[in-house]
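Chain by chain, the residues run as shown.
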Amino acid sequence: MSALLGLLLLLGIVIAIVALVRRLISNQADEASDGHDIVAYLVLALAMGVAGFAMARLATSAFPSDALVIDPSRDLAASLPALIVASPFVVYFWRRQAERRIAYPNSIGWGVYLTIILLLFGIAFAVTAVMFINGLLGDDTANWAQAVVFGIIVGLHEAAARRSPPAGDAGEIYRVVGSAIGLFTLGIGLIGLFGGGVFSSILDGIWNDFSGNVEWLPWTAMVIVGAPIWMYYWFRPWADNPGLPRNAWLVAVTSGTMAMTLVGAVGTIATVIDATAGNNRSSADATPFFMAAGLVGLATWVIHRRSMGTARSDSIRFYEYVVAAGSLVSLVASAVTLTQLAFGDRTIVGGDASDVMIAAVWLISSVAAWLWFHTRWTTGVREEETASWPRRLYLLGVGAAFGIAAAIALIAVLVVITRRTLDGQEGGSLLIPSSIFVFSGLAAWYLLTLYFQSRELVESEEVIAPFDVTIICGHPGPVSAMLPPQARVRVIHRNDGHGIISEETAAEIVEMVGHRSSHVWVDDEGVRIAPIG
């Protein structure tokens, strides 16, 4: 009886707090304030998170997979008050924000809220669903209650998002998060499934050095869960023009999967060399996972690279320069390693030949990857490429980083020399810091030289990227000839005879347009410009 009175008292306090919050909010001006909506959505997200996880814990108590482990009374005492406190906030703010989404459809708060909810419950659903399916496939104890609760919450929010889609970039953020959850789950599952299952089974039958275990779980469960999540969020139709979230995600995925493909290929060759040379038979056990990583990385790269299109946009440039920067870092690291193996204590003759072969394969692959992207830059339009900010950021940022590494290595060299000169001590090896100084210095010199040459070209000659100008007028007059040659002009003629462009009006249009893609409307009242993008 006392427990029931306590719960009723707690419920009364919560209702009073909700009423107070409602009155305070209703007293404020009902304006389309993004900041105001974000605060309300953050409160809703907090309340939904507390209520959702409390419901999941209650569901586990109601349908326990192992009655010896779960204490229903303890879970009830911990979860029921949380659910009682959070539920009124969820009900009030959900109804309030549903009405505001109709009045203010362009608020970014809705997209932010969906992203937070997907991060909380999407990840929780993926984890619990994998555990449940893995338990079923492995004949272990499997609890389905949490996966069902989390799945229902995600499904209800997805249905609400389909009814009132978030506007602008905020509408892309939560879909990017959903596709990321699915892709990571699917990718790890595929690597494990192919590496620990398919390739391990093949190598176990044909390679004597292989002694790894063939495993199919929990990778199969991760593929079953991750594949539909990723396909749902990624392959649904997107807006024609990708926003910043989708472009950033494409750059991250294409760069990461390209690196994973290269690492998988080099790792496969390295482990085979190491195992067949008789140095480390356990290296053979890692071979199927390197093979799987390379295969999955390549497939993922192909899918996402196609989504970036064929036009040489800043997104494609950024992706290529990121991969080139990683390849150049790998090139310097492999050159330092090969130098140490060739001229250090463990030389080619007296040391381990397989280590030198592995380092050589690493170096060759790094050089090939870097040269591949370097030749792609030189085949494009030089003026546009030189002025692009991804290229300038790559040259200056990576060049400066290599310069700092070379400076630190030079200090280390001088410290060793000083100790040997003054104290007669050994002071450490000069080979590694010297090689870092030489190779990092060469990379810095090359990149910074290109950067300053590019800057001189940009400063000496104005580089104008192609842009589109649509002019709605009675007659274009001399405006097409006065715009720069990079302007792609399209004229839509008016049928009322108004909006004839004179030489003075044409000069005004050229000045107002600048070098931006624009829509131009000319009538008796003058000229109006609407920039595009």
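Here, every reference points to the structure presented above.
None of these values were measured; they are calculated from a predicted model. (Residues numbered from 1 in each chain as written. Predicted model: local features only at pLDDT ≥ 70, side-chain atom pairs only at ≥ 80, totals over all residues. Heavy atoms only, no water.)

Undergrad: Explain the overall build of the protein chain to me, please; I cannot follow it from the model alone.
TA: The secondary structure content of the protein chain amounts to 16 helices and four strands. Counting every position in the protein chain, which comprises 533 residues, the buried fraction comes to 41%. A separation threshold of at least 6 residues defines the contact pool for the protein chain, and within that pool the share at least 24 residues apart is 73%. (Helix = DSSP H or I, 4+ residues; strand = E, 2+ residues; numbered from the N terminus. Buried < 20%, exposed > 50% of the residue type's maximum accessible area, 1.4 Å probe, protein only. Contact = heavy atoms within 4.5 Å.)

Undergrad: Would you take a moment to explain empty space enclosed by the protein for this structure?
TA: Gaps between atoms show up when a probe of the same size as a water molecule is rolled over them. For the structure on display, the rule yields one cavity of 30 Å³ or more. In this structure, the largest cavity occupies an estimated 60 Å³ of space. Lining the largest cavity we find Leu114, Ile117, Leu118, Val154, His157, Glu158, Tyr174 and Tyr233. Among the secondary structure elements, those contributing two or more residues to the lining of the largest cavity are helix H4 (109-137) and helix H5 (145-163). Looking at the lining of the largest cavity, its residues break down into six nonpolar, one polar and one charged. (1 Å grid on protein atoms, 1.4 Å probe; cavity = no way out; pocket = protein on both sides within 12 Å on 5 of 7 lines; lining within 4 Å. Points joined across faces, edges and corners; volume = space filled by probe spheres on them. Nonpolar A, V, L, I, M, F, W, Y, C, P; charged D, E, K, R; others polar.)

Undergrad: Looking at this structure, I do not really get the packing of aromatic side chains. What am I missing?
TA: The tally for this structure, following the rule as stated, stands at 20 aromatic pairs. Centre to centre, the rings of Tyr41 and Trp110 are 5.9 Å apart; their planes meet at 40°, and the pair counts as tilted. Taken as a pair, Tyr41 in helix H2 (residues 34-62) and Trp110 in helix H4 lie far apart in primary sequence, 69 residues in all. With relative accessibility at 3%, the residue Tyr41 sits in the buried group. A centroid spacing of 6.1 Å and a plane angle of 90° characterise the contact between Tyr319 and Phe373, whose relative ring orientation is edge-to-face. One end of the pair, Tyr319, is in helix H10 (residues 314-343); the other, Phe373, is in helix H11 (residues 353-379), and 54 residues separate them in sequence. (Phe/Tyr/Trp six-rings, centres within 6.5 Å; stacked < 30°, edge-to-face > 60°.)

Undergrad: Please clarify how the pairing of strand S3 (residues 518-523) should be interpreted in this entry.
TA: In summary, the side chains of a regular strand alternate between the two faces of the sheet. With four bridges connecting them, strand S1 (residues 467-473) and S3 associate as parallel partners. Residue pairing across strands places Ile471 opposite Val520, the latter belonging to S3. As defined by bridge partners, S3 adjoins strand S4 (residues 526-531) across six bridges and the pair is classed as antiparallel. Its bridge partner lying in S4, His519 is registered against Ala530. (Pairing = 2+ DSSP bridges.)

Undergrad: How do you make sense of the packing of helix H6 (residues 169-206) against helix H8 (residues 244-276) when you look at a structure like this?
TA: At a minimum axis separation of 8 Å, H6 and H8 run at an interaxial angle of 20°. Relative to H8, the element H6 is oriented roughly parallel. Crossing of H6 against H8: the hand is right-handed. Counting all contacts with H6, which are made through Asp169, Glu172, Ile173, Val176, Ser179, Ala180, Leu183, Phe184 and Ile191, the residues of H8 involved are Leu244, Pro245, Arg246, Trp249, Val253 and Met260. A breakdown of the residues in the contact of H6 with H8 according to their chemical character gives 11 nonpolar, one polar and three charged. (Axes fitted to C-alpha atoms, helices over the stretch in contact; angles between N-to-C directions. Parallel < 35°, antiparallel > 145°, perpendicular 65-115°, else oblique. Left-handed = near helix turned anticlockwise from the far one by under 90°.)

Undergrad: I keep staring at the packing of H10 against helix H13 (residues 389-422) and nothing clicks. Help me out?
TA: Axis angle and axis distance: for two packed helices, these are the angle between their axes and the distance between the axes, and together they describe the pair. Closest axis-to-axis distance for the H10/H13 pair is 9 Å, and the angle between their directions is 20°. Regarding the angle of H10 to H13, the classification is roughly parallel. Judged by the sense of rotation from one axis to the other, the crossing of H10 with H13 is right-handed. Along its contact with H10, which presents Asp314, Arg317, Phe318, Tyr321, Ala324, Ala325, Leu328, Val329 and Val332, the element H13 presents Trp389, Pro390, Arg391, Leu393, Tyr394, Val398 and Phe402.

Undergrad: What am I meant to see in the pairing of S1 here?
TA: Burial analysis of S1 places five of its seven residues in the buried class, which makes it a mostly covered element. For S1 and strand S2 (residues 487-493), the ladder comprises seven bridges, and the chain directions are parallel. Residue pairing for S2: Cys473 is matched across the bridge by His493.

Undergrad: In this structure, what is going on with the sheet that holds S4? I would like to understand it.
TA: The strands making up a sheet associate through backbone hydrogen bonding, with each pair oriented either parallel or antiparallel. Overall, mixed pairing links the four strands, which are arranged S2-S1-S3-S4 in an open sheet. A strand with exactly one partner marks an edge of an open sheet, and here the two such strands are S2 and S4. Across the sheet, the mean angle from the axis of one strand to that of its neighbour is 20°, orientation sign disregarded. Most of the contacts of helix H16 (residues 503-513) go to S4, to which it runs at about 20°, and overall it touches S1, S3 and S4.

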